[in-house]
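Chain by chain, the residues run as shown.
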Amino acid sequence: RSPLFTDAKITLSNGAVFATFLELCMEKITGKNNEIIKGVKKLFTSSKERKAQGLFVLEGARLVFDALNSSYEVETFLITESANEKYFDASVQMQRKSKNSYFISDTLSQKISETKNSQGVFAVCKMKNENISLKTGQKYIALDNLQDPGNLGTVIRTAEALGISSVIVGGGCDVFNPKVLRASMGSVLRLDVFECQSLAPVLQKAKSLGIKTYATSPDSSAKKINETQFPKSSLCVIGNEANGVSDEVMNICDETVTIPMLGRAESLNAHVAGAIVMWEMLR
């Protein structure tokens, strides 16, 4: 984006004229070997690259424009000319919020897209460097080495919908995986979501604050979750899809709870279990 766009003091009543002004101020990227394009593609496909750069990518009109009302900083905004016409008002706002803005061709949009049919709207955002914050009187959900991005994103979305204070992600899939972001429907941008390598120190901290900790288990000897009275200060752990909650985490938690099941099913999908647990915690 040219400094001209930011600093110009003009009054234009005609939207078409203003659109032309924006086009003059924004560089258009057409080459597939452009460093910005290659960088965006790396951020999409590599968790290691995202962590090294401290950046992640949003794709699609809903997710990208959700960032307008978030506390995340937008480093780069990319949009096709056809998408700019379709989402003009939101595009103008995003250009103002972003440090850099570019038009891209439809061909490049499809090339870097992680979806079958690209909407032509992308934003590179900066991760937050925040320590995990635990407070009494709050209810938390923690995820122990969840691997499936769809599960992770759906748990985060459900947590926001039900009113969980924060989601703590211990290992496994990273929060800024494109599939997680899509499955969360923007909840990652609005809810406090913290990442850590291990839940053990977080659980120890919670216990020191008087926050009661629970681990979920398919073991029928565990306390039934629908018979559990969760205190105002509580944290419950959902385990890995295949192995459940790790022994280390299980041993730290104050209590073990289970979701009673009928029939032959031995366990539930992680995001389904998470939804039931959070409902019971908050009812």
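Since this is a predicted model, take the numbers as computed values, not measurements. (Residues numbered from 1 in each chain as written. Predicted model: local features only at pLDDT ≥ 70, side-chain atom pairs only at ≥ 80, totals over all residues. Heavy atoms only, no water.)

Moving on: the sheet that holds strand β7 (residues 166–170). Read across the open sheet, the seven strands follow the order β8-β7-β6-β11-β9-β12-β10; overall the sheet is parallel. Bordering the open sheet on either side are β8 (192–196) and β10 (223–224), each of which pairs with just one other strand. Pairing analysis gives four bridges linking strand β9 (residues 212–216) to strand β11 (residues 234–238), with the strands arranged parallel. Across the sheet, residue Lys212 finds its bridge partner in β11, namely Ser234. Against the sheet, helix α9 (residues 149–162) makes contact with β6 (139–144), β7 and β8, and its axis sits at roughly 160° relative to β7, the strand it touches most. (Pairing = 2+ DSSP bridges. Helix = DSSP H or I, 4+ residues; strand = E, 2+ residues; numbered from the N terminus. Contact = heavy atoms within 4.5 Å. Axes fitted to C-alpha atoms, helices over the stretch in contact; angles between N-to-C directions.)

With that settled, the discussion passes to the nonpolar core. Phe56, Leu58, Phe65, Ile141 and Val167 are the most contacted members of the largest nonpolar core, which has 53 residues in total. Top contributing element to this core by residue count: helix α14 (residues 270–282), with five residues. Look past the residues within four positions of Val167 in its chain and what remains in contact with it is Ile141, Leu143, Ile156, Ala159, Leu191, Asp192, Val193 and Phe194. Of all hydrophobic cores here, the second largest spans 18 residues; its members include Ala142, Cys196, Leu235 and Val237. (Core = buried A, V, L, I, M, F, W, Y, C linked by side-chain atoms within 4.5 Å. Buried < 20%, exposed > 50% of the residue type's maximum accessible area, 1.4 Å probe, protein only.)

If you walk through the whole model with that rule in mind, you get one cavity of 30 Å³ or more. Computed from the structure, the largest cavity encloses a volume of approximately 40 Å³. In terms of lining residues, the largest cavity is bounded by Phe44, Val57, Leu58, Glu59, Leu63, Pro178, Leu181 and Arg182. Those elements giving two or more residues to the lining of the largest cavity turn out to be β2 (55–59) and α10 (178–184). By residue class, the composition of the lining of the largest cavity is six nonpolar, no polar and two charged. (1 Å grid on protein atoms, 1.4 Å probe; cavity = no way out; pocket = protein on both sides within 12 Å on 5 of 7 lines; lining within 4 Å. Points joined across faces, edges and corners; volume = space filled by probe spheres on them. Nonpolar A, V, L, I, M, F, W, Y, C, P; charged D, E, K, R; others polar.)

Here the focus is a nonpolar patch on the surface. Together, Leu162, Trp279 and Leu282 make up an exposed nonpolar region whose accessible area comes to about 270 Å². Among the secondary structure elements, Leu282 is positioned in helix α14. (Patch = residues over 30% accessible without salt bridge, like charges linked within 9 Å, V, L, I, M, F, W, Y side chains within 5 Å. Areas by Shrake-Rupley, 256 points an atom, 1.4 Å probe, with all protein chains shown as cover. Salt bridge = Lys/Arg side-chain N within 4 Å of Asp/Glu carboxyl O.)

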